[in-house]
Structure formats: C-alpha cells, structure tokens
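Structure assessment
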Amino acid sequence: MGLKGPQKVRWTPAEDEALRKGVAKYGTGRWKHIKQDEEFKSTLENRTNVDLKDKWRNILVAQGEKEKPSVRRKKLQLLRQEQQQQQQQQ
C-alpha cells in the first residue's frame, strides 16, 4: 500500500487569530518571525512556516483578495489562446 503523509489537522480559531495578528504585526511572508514571537509561539507551535503560508493564502482567497492558483492558471491559458488566435489572424 502507498505511504500517506501526515494527517491534516483543522485550524483552531485561536490559531487563525494568531496568524491574522502575526501578519498584521510582521507582514505577509514573515512566517518565521510570526512563529518565534512570544505572543504567538505557543498557539502556532504545531504549525510549520508552510502551514502558515498556505493558511494565509486560503484566507485571502476566501476574502476574495486573491484567486486560487487553478483559476489563475485557467485565465492565463485562455488569455494565451486568445493572443495566439489574434496573431494568426494578422
């Protein structure tokens, strides 16, 4: 049988709030600093930097501030097809 990775664990409201406050304090992409901050350290101790990044991206998508990567890829693919068709018509 295939190997399975670690099981996903739902984010708690406390973890979600700590991430939001950490981003407000340090900015996006400063995951290491957020995890090391005494205010958030214990709450986020079981989360990796990648977990924080992924959760933040999902928060932005849910707020409509960012598109899912799959949607963005599809739009780019359609745009390229349109550009190719226009070039062929010229």
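Residues numbered from 1 in each chain as written. Predicted model: local features only at pLDDT ≥ 70, side-chain atom pairs only at ≥ 80, totals over all residues. Heavy atoms only, no water.

Here's the deal with the pattern of salt bridges
- Counting across every chain of the model gives seven salt bridges.
- Here Arg47 makes a salt bridge to Glu15, at a shortest N to O gap of 3.0 Å. Of this pair, Arg47 sits in the loop between α2 (31-36) and α3 (49-62) while Glu15 sits in helix α1 (residues 13-26), and the two are 32 residues apart along the sequence.
- For Asp37, the salt bridge goes to Lys25, with nearest N and O atoms at 2.8 Å. Taken together, the residues span a long stretch of sequence, with Asp37 in the loop between α2 and α3 and Lys25 in helix α1 at a distance of 12 residues. (Salt bridge = Lys/Arg side-chain N within 4 Å of Asp/Glu carboxyl O. Helix = DSSP H or I, 4+ residues; strand = E, 2+ residues; numbered from the N terminus.)

Here's the deal with the side chain of Asp16
- By the secondary structure assignment, Asp16 is in helix α1.
- Owing to a relative accessible area of 16%, Asp16 belongs among the buried residues under this scheme.
- One polar contact links Asp16 to Arg20, side chain to side chain, over a distance of 2.6 Å.
- Setting aside anything within four residues of it in sequence, one finds Asp16 in contact with Trp11, Lys55 and Ile59. (Buried < 20%, exposed > 50% of the residue type's maximum accessible area, 1.4 Å probe, protein only. Polar contact = N/O pair within 3.5 Å; in protein donor to acceptor, adjacent residues only side chain to side chain. Contact = heavy atoms within 4.5 Å.)

Things to note about the packing of α1 against α3
- Remark: α1 packs on α3, axes separated minimally by 11 Å, with the N-to-C direction vectors making an angle of 90 degrees. In terms of their interaxial angle, α1 and α3 are classed as roughly perpendicular. Of the residues in α3, those touching α1 at Asp16, Leu19, Arg20 and Val23 are Leu52, Lys55, Trp56 and Ile59.
- Tallied by class, the residues present in the contact of α1 with α3 amount to five nonpolar, no polar and three charged. (Axes fitted to C-alpha atoms, helices over the stretch in contact; angles between N-to-C directions. Parallel < 35°, antiparallel > 145°, perpendicular 65-115°, else oblique. Nonpolar A, V, L, I, M, F, W, Y, C, P; charged D, E, K, R; others polar.)

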